[in-house]
Amino acid sequence: MHPMKRFLALVLLALASIASPAFAQGLDVGLVVGNDSALHIAVVPMEYQGSSAKPDTNVADVIRADLNRSGQFQSLADKDIVQHPQSGSDMNYATWRQLHQDYVLVGRVLDSNDGGYRVEFELFDVAKQQRLLGLAMKGRPQAMRDVAHQIADQVYEKILGVRGAFWTRIAYVTSTGLGANKKYSLMVADSDGVNPQSVVHSSEALLSPAWSPDGNKLAYTSFERGNSSIYIQDLTTGQREVVAAFKGINDASAFSPDGKRLAMSLSKSGNPEIYVMDLASRQLTQVTNHYSIDTEPRWTPDGNLMFTSDRGGKPQIYQVGPNGGEPTRVSFQGQYNASATVSYDGRKVAMAQGNGNVYRIALLDRSSGGSGRWQMLSPGNLDESPSFAPNASMVLYATKEGSRGVLYAVSADGRVRQRLVLADGDVREPAWSPYRQR
Amino acid sequence: MKTNKTVLLVAATCLALAACSKKNVRDDTAGHGTTGTSSDTTTTTRPIGNSTGGRFTPSDLETNECLRQRVVYFDFDQDTLKPEFQAVVACHAKYLMDRPEARMTLEGNADERGSRQYNIALGERRGNAVMAAVRGSGGPASQMTVISYGEERPTCTESNEDCWGKNRRVEIVYSAK
C-alpha cells in the first residue's frame, strides 16, 4: 500500500475505533475458516412480545454467533429464515427439512414480573420431528447477553452432550501507548469479547493471568514494584494482595483444581524452579530442582503439574507430581514446546510449538495412549499462549498481525477460527475462565 | 566455555596490570543487532581506564568509549556472552571497583518469539551471564542486581531477525553512579 494511503487508512481506523462504542469491542470479523461437517441449525429471530421497551440485545443473534464460533454448528443466515415460528405450535418441519436444517431453535422475549425479561425457547430436531427442549430463562435488561449465552449453552449441551462454554469469560492483557505513556491493562470480557472490563492498570508490564477455579479471582504477574511479583485479585471487590515477591522472577502462577494452592515459577534460589504455595499458610513446596529453566506450571485435573523446561536443551513440556520427583517428558514433537494448557479431562494438551522461526498452536491428544497424536491448530508464525475453554471445545490464543497483538479463538478440531480485536492497543496473554456458577 | 574463561582471565590480568591494550571495542552506533555479522573493524588500542589512566569517575560514563557501551547482545535462545563483549564487561567491572558506591542493574531481555514466561527466565539467564562475566573481571557482586523483563520491553517491534537481534540484550543500567 502507498505510505500515504496506509496512513489515511490508519487514521480512518483510529477514528472508527473512537466512534464505535465499547460494545463493538468484540469479535470483529466473521469466520476465518469454515467447517463443512458442522450441524445446521436455524435460530429463528426471537420477537419481543412484552409491553415495555424491547431489549437492547438481539438474543437470537448472540446465540447464532456463539454456535457458529464453536465450529460444531453452522447457523442459517437471517435472510434464509423464511418462517418465523415463535413456539412449537407454529413449527412446520417440512420447511426446515427443505432448508437442510438439522435443528430449529425458536423463542420469544416477554416481560418478567421483576422488571426484566423472560425468554421462552424451544429446540426441535427436524429429522425426528421432535421437541428436544422447552425452557424459560429470566434476566435483567442489562444481562440479556448473559441469558443468550446460557441459552446457547443449553442448546449445545442438548445436542452434543457436552456442557456449553459460551457463558464464560476471558481474561487478557492489553498495552496501549508508547514509551513513557505505555499503559498495560488486565481485562476481563465475555467469551465473545464483548463487555470488556478493566481489572487493573499499570505503567509496567502485566502478564500471566490465571483464574481461580470458582472464577472469582485472578492471579497475575505485575512489574509495578520494579521486579516481577505475583498478585491475587478478587474480581468482585477489586481487593488484591501480593503473594510472591521474592528475589528474582515471580511469575506464571496457576491455581490448583481445589483453589487452595498456587503453583508458580520462582528464581529465588538462583534459577527458575516450580513451587506450590499453600494459600492459607503461604508455605512453599519446591517441586523441581534443576539448573535449567522451569516455568509455566499448569495443573492437570488429577492434581499433577505440567511445566515448561529446557532441561533437555530446548524448552519442552514435562509432567511431575505436586510434591516433586523425577519429571517425565510429555512433548516429543517440535523443536520448541511451551505454555501448555490442559483440557478439563486431562486428555488433551495444547501448547505453543516452535519449528525454526514458526510458532504455532499444537494440540497433543493423549486419549489413545503412547506419546499421543498431534494436530496443528493455528496457521500463524508467532502464535502463543493457548488457553482451553472449560469444555475443551475451543482454544483461545495470541498472535501478531503487523506489529499488533490479537487474539483468536479456534475450535479444538482446528476447523473454525475467529479473531478477537480490541478497538485499541495490543492484546496478549489470554486466559479462558472456568464455568460460571449458575 | 573454556575459551570464555581464558578470555576472562586475560581480561582480569589486563585489569590488574591496568596497562594493556583493549581490543574489540565497537562503536555502539554500528548496532550489534544482527548476529553472525560482527566484523570488529573498530579495534582500538586505547587503555581501558580513562584518558589519565587512573580511576573512573561518573563523567566517564558519558565520555569513555568503552563505558558508554551499555548493551550486550545475545544469539537466539542463548545466554553465552559473545567474546566481543568481554571488553565492555571488563571496563564496567573496573568502574564498579573504582566506584564502590556505584550500583548496577543488569536488565535481561528476550525477543518476542515463543513463550513470554520462558522469555522472562531467558532474560534472567542473560542478566546472570553478564553479572558472572563482570564478576570474572573483578566487579563485586554486591554492587550488581539482575532483573529480567523478558520480551516485555522491546526496543524494536518489527517481526524480523534484525529487530529480534536488537531485543535479545542485557542493558547495563547504573542506579547509582
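Going by the structure above, here's the rest.
Residues numbered from 1 in each chain as written. Chains lettered and ligands numbered in written order. Predicted model: local features only at pLDDT ≥ 70, side-chain atom pairs only at ≥ 80, totals over all residues. Heavy atoms only, no water.

**Brief notes about the overall build of chain B**
- Counting its secondary structure elements, chain B contains 5 helices and 4 strands.
- Written out in order from the N terminus, the α and β elements of chain B read α-α-β-α-β-α-β-α-β.
- Per-residue burial for chain B yields a buried fraction of 53% across its 177 residues.
- A fraction of 73% describes how many contacts in chain B between residues 6 or more apart in sequence connect residues 24 or more apart.
- Of the roughly 7600 Å² that chain B leaves accessible, carbon and sulfur atoms contribute 53%. (Helix = DSSP H or I, 4+ residues; strand = E, 2+ residues; numbered from the N terminus. Buried < 20%, exposed > 50% of the residue type's maximum accessible area, 1.4 Å probe, protein only. Contact = heavy atoms within 4.5 Å. Areas by Shrake-Rupley, 256 points an atom, 1.4 Å probe, with all protein chains shown as cover.)

**As for unusual backbone geometry**
Residue and element names in this part refer to chain A.
- With a phi close to 60 degrees, H100 is a non-glycine residue in the positive phi region.
- Along the chain, the position of H100 falls in the loop between α3 (93–98) and β4 (103–111).
- Using a relative accessible area of 62% as the deciding quantity, one classes H100 as exposed.
- Although it is not a glycine, A392 adopts a positive phi angle of roughly 65 degrees.

**As for the sheet that holds strand β9 (residues 197–202) of chain A**
Residue and element names in this part refer to chain A.
- Spatially, the 4 strands line up as an open sheet ordered β9-β8-β7-β30, and their pairing is antiparallel. Taken across any chain shown, the strands that pair with only one partner, and hence form the sheet edges, are β9 and β30 (426–432). Within the sheet, the average angular offset between the axes of one strand and its neighbour, ignoring direction, is 20 degrees.
- Relative to β30, strand β7 (residues 169–176) runs antiparallel, the two being bridged by 5 bridges. In the strand pairing of β30, V173 is matched with R428. (Pairing = 2+ DSSP bridges. Axes fitted to C-alpha atoms, helices over the stretch in contact; angles between N-to-C directions.)

**Here we look at the environment of G115 of chain A**
- Mapping G115 of chain A onto the fold places it in the loop between β4 and β5 (117–125).
- Through-space distance from the C-alpha of G115 of chain A to that of P141 of chain A is 8.0 Å; in sequence the pair is 26 residues apart.

**Digging into the state of the cysteines**
Residues and elements named next belong to chain B.
- Counted according to the given criterion, the structure contains 2 disulfides over all chains.
- Disulfide pairing is shown between C66 and C91; the S-S distance is 2.1 Å. Measuring the twist about the S-S bond at about -90 degrees, one finds the C66-C91 disulfide to be left-handed. Placement of C66 in the loop between α2 (60–63) and β1 (71–73) and of C91 in helix α3 (residues 86–98) is noted, with a sequence separation of 25 residues between them.
- On the basis of relative accessibility, which here comes to 1%, the residue C66 falls in the buried class.
- Judged by relative accessible area, C91 falls into the buried class, the value being 0%.
- Linked covalently through their sulfurs, C156 and C163 form a disulfide whose S-S length is 1.7 Å. When the S-S torsion is -80 degrees, as for the bridge of C156 with C163, the disulfide is left-handed. Comparing C156 with C163, the two get one shared label, buried. (Disulfide = S-S within 2.5 Å.)

**Focus: the pairing of strand β22 (residues 336–342) of chain A**
All names here are of chain A.
- For β22, the tally of buried residues reaches 7 of 7 residues, placing the bulk of the element in the interior.
- Sheet topology note: the β22/strand β23 (residues 348–355) ladder contains 5 bridges and is antiparallel. Residue V342 lies in a different strand from β23, and its bridge partner there is V349.
- Hairpin connection from β22 to β23: 5 residues lie between these consecutive antiparallel strands, with G346 at a positive phi of about 75 degrees.

**Observations concerning α3 of chain B**
All names here are of chain B.
- Helix length check: α3 (13 residues) gives 18 Å between terminal C-alpha atoms against 18 Å at 1.5 Å per residue, within 8%.
- Within α3, 12 of the 13 residues are buried, which leaves the element mostly enclosed by the surrounding structure.
- Within the sequence span of α3, burial applies to Q86, A87, V88, V89, A90, C91, H92, A93, K94, Y95, L96 and D98. (Expected span 1.5 Å × (residues − 1).)

**Concerning the pairing of strand β1 (residues 39–43) of chain A**
All names here are of chain A.
- Pairing of β1 with strand β3 (residues 73–75), which is carried by 3 bridges, proceeds in the parallel orientation. Residue pairing across strands places I41 opposite S75, the latter belonging to β3.
- Direction of pairing for β1 relative to β4: parallel, over a ladder of 3 bridges. Note that in β4 the partner of V43 across the bridge is L105.

**Looking at the interface of chain A and chain B**
- Contacts between chain A and chain B engage 36 residues on the former and 25 residues on the latter.
- Summed over both sides, the interface of chain A with chain B buries roughly 2500 Å², with 51% coming from carbon and sulfur.
- Note that R428 of chain A is salt-bridged to E152 of chain B, the shortest N-O span being 3.5 Å.
- There are 16 residue pairs in polar contact (both at pLDDT 80 or more) connecting chain A and chain B.
- Breaking the side of chain A that touches chain B down by element, the ones donating at least two residues are β10 (206–211), β14 (250–255), β18 (294–299), β22 and β30 of chain A.
- Taken together, the residues of the side of chain A that touches chain B break down into 14 nonpolar, 13 polar and 9 charged. (Buried area = accessible area lost by both parts, 1.4 Å probe. Salt bridge = Lys/Arg side-chain N within 4 Å of Asp/Glu carboxyl O. Polar contact = N/O pair within 3.5 Å; in protein donor to acceptor, adjacent residues only side chain to side chain. Nonpolar A, V, L, I, M, F, W, Y, C, P; charged D, E, K, R; others polar.)

**Concerning the pattern of salt bridges**
- Counting across every chain of the model gives 40 salt bridges over all chains.
- Of the charged contacts in the structure, one is a salt bridge between R64 of chain A and D61 of chain A, with a shortest N-O distance of 3.0 Å. In this pair, R64 of chain A and D61 of chain A are both assigned in helix α2 (residues 59–69), 3 residues apart and thus about one turn of the helix distant.
- Close ionic contact of D111 of chain B with R113 of chain B constitutes a salt bridge, the shortest N to O distance being 2.8 Å.
- A residue is classified by how much of its surface remains accessible, and R113 of chain B, at 2% relative accessible area, is buried.
- Each of E384, D426, R428 and E429 of chain A together with R116, E151 and E152 of chain B takes part in one network of salt bridges that share partners.

**Description of the packing of α2 of chain A against helix α4 (residues 144–160) of chain A**
All names here are of chain A.
- It is the contact of α2 with α4, at a shortest axis distance of 8 Å, that shows an interaxial angle of 45 degrees. For the element pair α2 / α4, the angle class is oblique. Two packed elements cross with a definite hand, and for α2 against α4 that hand is right-handed. Listed contacts from α4 to V59, V62, I63, D66 and L67 of α2 are M144, R145, A148, H149, I151, A152 and V155.
- Grouping the amino acids of the contact of α2 with α4 by side-chain chemistry returns 9 nonpolar, 1 polar and 2 charged. (Parallel < 35°, antiparallel > 145°, perpendicular 65-115°, else oblique. Left-handed = near helix turned anticlockwise from the far one by under 90°.)

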